[in-house]
Every structure is written in C-alpha cells, then in structure tokens.
There are 4 protein chains.
Amino acid sequence: MPTLTTKRDDVLGSALTLFAERGFDATTIPMIATDAKVGAGTIYRYFDNKEMLVNTLFQHYVTLFRETLEKDYPVEADIREQFRHLFQGMIRFTNEHDHALYFIKTHTSAYFLDATSREQFGDLLMIFETFFEEGKKHSDIRPLPSKALIAIIFGSFLQLYQLIRAGELEATEELLKGVEESCWDAVRHHS
Amino acid sequence: MPTLTTKRDDVLGSALTLFAERGFDATTIPMIATDAKVGAGTIYRYFDNKEMLVNTLFQHYVTLFRETLEKDYPVEADIREQFRHLFQGMIRFTNEHDHALYFIKTHTSAYFLDATSREQFGDLLMIFETFFEEGKKHSDIRPLPSKALIAIIFGSFLQLYQLIRAGELEATEELLKGVEESCWDAVRHHS
Amino acid sequence: MPTLTTKRDDVLGSALTLFAERGFDATTIPMIATDAKVGAGTIYRYFDNKEMLVNTLFQHYVTLFRETLEKDYPVEADIREQFRHLFQGMIRFTNEHDHALYFIKTHTSAYFLDATSREQFGDLLMIFETFFEEGKKHSDIRPLPSKALIAIIFGSFLQLYQLIRAGELEATEELLKGVEESCWDAVRHHS
Amino acid sequence: MPTLTTKRDDVLGSALTLFAERGFDATTIPMIATDAKVGAGTIYRYFDNKEMLVNTLFQHYVTLFRETLEKDYPVEADIREQFRHLFQGMIRFTNEHDHALYFIKTHTSAYFLDATSREQFGDLLMIFETFFEEGKKHSDIRPLPSKALIAIIFGSFLQLYQLIRAGELEATEELLKGVEESCWDAVRHHS
DNA sequence: GATGAATGAGTATTCATTCAT
DNA sequence: AATGAATGAATACTCATTCAT
C-alpha cells in the first residue's frame, strides 16, 4: 500500500530534477508527467498550473534551506565557527536535496516567481546578510557590500557543485575543507 | 551600398540580447526577427535552425572572450600581475560586450550546446587552468584542483555581474577593486 | 431514510438547469456533480455517458410536455377552444418546469440527439399537426403546410419565452393573452 | 492564381457553417481548419482567438443583414408595403447567406459576444422596433411590446427556415407568400 | 537574396470516463 | 452503492520551419 499523496511528491521530485537540469521553460508538463510516472492531468489535481508548481517547489526548498541554516546556529560562537556552520549547511542541504540549491539559484530572478517566493527568498538571504553585516561591524569581514559577499559565496559554491554533479570533481572531505577555507579567505577581513 | 552581411550581424546582435534577457527557450524566432528588423525566413538563410544560432553565438563570444584574455598576456610578470590581467580582462570584456558574459554563463550547461561549443568553452577555461597549475607549482596558489579554483573565480564574478545587471549593485571602481582582492585571496596560497 | 434514487433525480435536475443555462457543450460532468451534490462517478451509475444523460432528459421533458398537452384535451370543443388549450398548455408547462421548454428548444436540433429523442419530439409535434390538419379540413386554419404552422407557433412562443427568461419582458396575464391572440391570427383562416 | 486573402474568407465561411450547425462550443478550431482546408495555425494569423473569430463573423453578418433591410426601404409606402420589404429582406438575405441568419439568432445571447457585437445587434433590432413603434402609433400594429412582436416574426421565420434547410419543407414562392401573410396577421392590428 | 504567409507538431490545460476503495 | 483520484485524449493556441513569390 503506497504512502498517502505519493503522486504529489513524485511530481515535485521530477519537477525539481527537470527544472534544475533544463530550466523552467524547457521543461514541459508531459516531461514531468512521464518522469513522475503519472498522467499529465494528475499534475493539475495538485497544482493549478505550471507556475504554481514552480512556486510551490521554490518555496518548499527555500524554506527547507533556511531551516537547515537556522537549525543549531551557533549564535554564541566566534565568526569563523558561524561561517563554518553556514557553509556546512550548504553542503548538507545539497547532499540531502540533490538539485534543490541549483534549482533555487537558477530560478531566483525568474519572471514567474510570485510575491511569496520572492519574499521567502529574501528571508533566506537575510541570514547571510545579517552574518556579513555583523562581521563587518567587528572588522572580521571584508568591507564589501553584503550582496557582493553573498554572490561570491553562492557563486563559488554553485559553480563547484555543478562540476561535482558533472563528475568532473569528486566531493572529498579534503576538497570541501579546502573550498571552505578559500571562501572564508574571500570574505574575511585580512589585516 | 550597405555593409556586407549586415543582416547576419543584426540577427546575432538581437539574439544575444534576447537570449541573455529571456533565455533560449523563452526567445522565439519571430522575436529575434522583429528586433533585428529582418524577415523571419531570413534568419534561416544564415543559420540552419535555432540551435545552430545559439551555438554560433556562444562560440563567437567564448572565442572573443578567450582572445581578450590572451591578448597582451603578461607572461613575464609576477603571478599577482597575471591574475590582475585575467580579472581586468573579464571586466573589460563585460564592458565591451554588454550581454555576452551573462549569456555565456546562463547557457554554459544548456542541453542544446553542441560538441564544438563545449570544446571551445573548455579552451577558455584552459587559460585559467594553465594559470592556476603554474601558480600551484610555485606555491603561489592554494593547493586545490584547478577546476575548483576556476569555479570559485568564475562563479563569483558571474554571480556578481548578475547583481550589477539587475541594478542591485553599482559597478564602481572601488567595488571592482575590492572584489578582485577578494577573489585573489580566495585562490592564493596563504602562508 | 431518504427517498429512493433521489440521486438520479438530483442529477437530472441539475443537468436540466445547467444545460438550459449554459448549453450541453459548456456544461461539464463535474459541474453537474457539484450542483447535484453527488460524486462525479455516481452520474455514471445512472447514465452510460453524457449523451445518454441529455437524451434521457430530453425525452423525459418532451414526453411530459406531450402529456400536458394531451391531458383534458377538449376534443369536442370548437377549434378556438382547442387552440387555447394547446397554448395555455405551453404556458402551464413552462411555469411548472422552469427550464424545461427552453432546454427542449435549444437542443431540438442538436447533433447528439439519438433516434428515440427525435422520434418523441416528432410525436410531440404530431399533436399540433393533427390539430392543424383537422382545422384546415374545415377551413378554420390557413391553408399552409402543418409543419409551417407549427414552426410559426413554436418559433414565436419559444422566442418569446427566451425574452421572458432573460428578463426583457414580463409575463403578465395581458401579454400572454395578446400573444395567444397574435398566434391564433397567424394560423387561423381569415375569410 | 487565387484571389487575395482567400484563406481568411475560407475560414469565415467554414466557421459560419459549423457555428450554425453545431454551435460555438461544439465547434473546434481543428474542425474549422479542416473544413476550410487550412492549417490550424493559419486561423490565428487572421484572428486573435476563437472568440475574435465569432465576433468578427457575427458583426459581419449583422451589419450585412442590417444593410440589406435598410437598402431601398420604402419610407413613403404604406405599412403593409414596409412589412413586405422587411420580410422579403429576411428571405433574400437568407438565400444569399445560407446559415447567416440562423447563426445570428442562435448566438445572439451568447456569453462570448463583445460590446461591439451586442451594439451592432441592437442597431439591427432597432429597424424592426422603429417599424413596430410607428405602426402601433397609427393603430396599424397590435398593441404588444415591440420586443414581443419581433420575437414572433423572428421566431416564426427561423423555425421555418430550419425546416426548409432540413428538407422537410420546400421554399416555394407560394409558401413564402403564405407565411408572410401569416406573420403579417400575427402582428397587424385587427379591427 | 529577402520576405512573411502558411503549416503542423508541440504546448499547457481541461474534462469525460474509469476504477480502486 | 458512492466516491473522487487518476487518466489520457482532445482542446485552444504557439512557434520553428518551409517555400512561393
């Protein structure tokens, strides 16, 4: 006996993979339906239309990501420890939800995102923004706009993630450690 | 008498802008034709089909970008100078060819890129790879896989460029200087 | 304990209203199910398919209309009295079965009516045909084909009924009296 | 060499027939395309969408019908002559534009008619309304609401027309003469 | 060479119908 | 018996591509 509303989850799963791999516009409803082993019409039982589907997906993973980062956040620890928490959070989230972070990043400024999606994405960025603002106050972080610092971290991480997914790089403990160090050096204040 | 094959260039110009702004799938041939002030059929005189058009465009700008980086490469200078050359090349290219780098970034792993496009993109990365390999030999660069280092630089730069295009960040001299420093710290070997 | 096969009647009732108001093609099975407070699948327990449902409905009301006209038919009365009976029968039927006559009118020549429906509609017209044939024999009725005379009466009445339903005309006693007179003058033999 | 924009006319012709025979909702774009021997996409070169197509068709024939009735209107003649003009106009228009009048009548109160269509239909009715109002003033016409009188004439005529199209009645000169007389008796004031 | 009208395969979406519960 | 989730064929409409002019 299958779990309740398996089909809805199947659709979301297939949509995540396809949107991440091909993008929203290049992914057709029949593609999703076939991949999810579901009739095309079934998708419309759970989602009003294709845009509702992306937005649902986007919000789901943005929220999940935010929660991952917020969970056990070491408020009292030093800034390097906090950075480690955030960076390891990105890695953990990526491992647990294969295409999710790449999907989020590539669809962040898409024309079809609704207000809620944009708002929740804003909430996500806020975590990093707060971290960087705080760090700059104590001169622990480079005096660059927080948005630029976020771009550097995210850009690096996602580009790297793409290489790993493509099999061009292996995600060893050592590599991830080195990249974290590199990213930290990119944003920290060098005295 | 108008310049020869002006129309072909008009098409390429319009395609670049539209692909960069809306993406390949959301850009229609009639859109390009209208923007280029050309009949839709004319596009097919110069390009076999839509995919041929993107690939031509992609290869054109990837090659141009590579040439920009290679030109006046300071082979004899020290590594920091070489890094500056590459980073300033990215900036210069971006300024001279408005949508080109963004177009390259957003279409780098697209499903419709052919072998030649992927190969030429590989050639482009090779410049950075050579730079990093050489740097690691002299312990000037962090001992990470070159691919990872490229991902960090490219990822950062392109993500940043996206913010600038979106108007969320202003490309001041100071910002660019700071970002270059940040990227350099991300890849250089810290003793 | 609820009345037996209430659900079948609920479906027929909702179908009548919706078919009359929106037409067969614009009415969906889910609409009927919702309106009848019944599951969509339940409709298929009572009717093989949507076409069977319309035909059942059509036949039901055509027969009911025929019976209304036949009941207490004043066989012995003079022709004017017989005409009054028929005309008042149309009015009475309309009052008792709100959407029925309009539904019949708008679906009379529909592509999905089966042989039985067409036959029973023929039987209904037969009442008028008999009336007119008899009247022409005695030179009380205009020497036109009975079918033409029926068209005139039916066409007039139903067109009028449409206006009343649309709220553009009020069905006062006086109006109905006047229209009856008009229709009678349309078919009677003027010496 | 075919006449210019033949295809647009072919589409309109096929649409008229199909809308008249099956109704708007039951007529699909592929049906029209097939009947007009035209690609489905071609229809959209000439009409924005299906609703635009019906409205164009509706307005075209309503206007044509109005012009037919207004042409050579015997303003100075007596009322019987004017009625003949109108009635013969309906016949002539029906003969020249096979399904047009039936299409107009069956789609008059459709949900998809736009403001222009409704307005132009109002203009058409105005001709009859003016005629009846004038007639009632001189006690030549029965004291019924003009709308009712129009319903009687149109209802009769169209119901009859259906019979003729179905082959159940032959449109002889004699029949049409008789029906005109009948309709006249239906609306004229009997002293 | 250049055009744009014409096409039909492909898209998102709806809905009659089935069937496991 | 009754339900409503699931389906896929069918719908309106779009767009890459062709081809007569």
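Preceding this paragraph is the structure being described.
Conventions we followed
- Going along each chain's sequence as written, the residues are numbered from 1 onward.
- Here every chain gets a letter starting at A, and every ligand a number starting at 1, in the order they are written.
- Where local features are concerned, this predicted model is filtered to residues with pLDDT of at least 70; where side-chain atom pairs are given and counted, the filter is 80 or more; whole-chain, interface and lining totals use all residues.
- Calculation of side-chain values draws on the structure's entire complement of heavy atoms; hydrogens and water are dropped beforehand.
- Contacts were defined at the residue level, with two residues in contact if any of their heavy atoms lie within 4.5 Å.
- Buried area: the accessible area, evaluated with a 1.4 Å probe, that two parts lose upon being put together, summed over both parts.
- By definition here, a salt bridge exists when the distance from a side-chain nitrogen of Lys or Arg to a carboxyl oxygen of Asp or Glu is within 4 Å.
- Polar contact is defined as a pair of N or O atoms within 3.5 Å, subject to the rule that within protein one atom must be able to donate a hydrogen and the other to accept it, and that residues adjacent in sequence are counted only when both atoms are side-chain atoms.
- Under the scheme used here, helices are H or I runs from DSSP no shorter than 4 residues and strands are E runs no shorter than 2 residues, and both carry numbers assigned from the N terminus.
- We call Asp, Glu, Lys and Arg charged. Ala, Val, Leu, Ile, Met, Phe, Trp, Tyr, Cys and Pro are nonpolar, and the rest, Gly among them, are polar.
- We call a residue near a molecule or strand when any one of its heavy atoms sits within 4 Å of it.
- A residue counts toward the fit only if its pLDDT is at least 70 in both copies, and the copies are then superposed by least squares on the C-alpha atoms of those residues.

1. Quick notes on the interface of chain C and chain D
- With 29 residues of chain C in contact, the opposing surface of chain D contributes 30 residues.
- Summing the contributions of chain C and of chain D, the shared interface buries around 2500 Å²; its carbon and sulfur component is 63%.
- Among the residues chain C hides against chain D, the three largest losses belong to K147, Q159 and S182 of chain C. Together they make up 19% of the total.
- Between chain C and chain D we count 4 salt bridges in total.
- Across the pair E168 of chain C and K147 of chain D runs a salt bridge whose closest N-O atoms are separated by 3.1 Å.
- Connecting chain C to chain D are 12 residue pairs in polar contact (both at pLDDT 80 or more).
- Elements that contribute at least two residues to the side of chain C that touches chain D include exactly α8 (146–165) and α9 (173–187) of chain C.
- Take the side of chain C that touches chain D: its biggest share by element is 10 residues, from α8 of chain C.
- Looking at the side of chain C that touches chain D residue by residue, the classes come out as 13 nonpolar, 8 polar and 8 charged.

2. As for the protein's contact with DNA strand F
- Around DNA strand F sit 30 residues, and of these T42, R45 and Y46 of chain A, I29 of chain B together with T42 of chain C come closest.
- The contact atoms of DNA strand F, taken as those within 4 Å of the protein, divide so that sugar and phosphate hold 73%.
- At 2.9 Å from a phosphate oxygen of DNA strand F is found a side-chain nitrogen or oxygen belonging to K50 of chain D.
- Of all the secondary structure elements, the ones that give two or more residues to the surface near DNA strand F are α3 (40–46) of chain A, α2 (29–35) of chain B, α3 (40–46) of chain C together with α2 (29–35) and α3 (40–46) of chain D.
- In terms of residue count, the dominant contributor to the surface near DNA strand F is α3 of chain C (5 residues).
- The residue inventory of the surface near DNA strand F, partitioned by class, reads 11 nonpolar, 13 polar and 6 charged.

3. Examining the interface of chain A and chain B
- Contacts between chain A and chain B engage 30 residues on the former and 29 residues on the latter.
- Both faces considered, chain A and chain B share a buried interface measuring about 2500 Å² in area, 63% of it formed by carbon and sulfur atoms.
- Across the pair D185 of chain A and R142 of chain B runs a salt bridge whose closest N-O atoms are separated by 2.6 Å.
- Linking chain A with chain B are 12 residue pairs in polar contact (both at pLDDT 80 or more).

4. A word on the relation of the copies chain C and chain D
- Taken as rigid bodies, chain C and chain D are interconverted by a rotation of 177° and an axial shift of 0.1 Å, the fit giving an RMSD of 0.8 Å. Here the copies are linked by what is in effect a two-fold axis.
- With an isologous cut-off of 70% or more, the 97% of interface residues of chain C that recur at the interface of chain D puts this contact in the isologous class.

5. Considerations on the protein's contact with DNA strand E
- In the neighbourhood of DNA strand E, 30 residues make up the surrounding shell, with Y44 of chain A, I29 of chain C together with T42, R45 and Y46 of chain D lying closest.
- Sugar plus phosphate: this is where 74% of the atoms of DNA strand E within 4 Å of the protein reside.
- For DNA strand E, a phosphate oxygen lies 2.4 Å from a polar atom in the side chain of R45 of chain D.
- Counting residues per element, the ones that place at least two in the surface near DNA strand E are α2 (29–35) and α3 of chain A, α3 (40–46) of chain B, α2 (29–35) of chain C together with α3 of chain D.
- With 5 residues, the top contributor of residues to the surface near DNA strand E is α3 of chain B.
- Its residues placed into classes, the surface near DNA strand E shows 11 nonpolar, 13 polar and 6 charged.

Remember that the coordinates give geometry; whether it matters functionally is a separate question.
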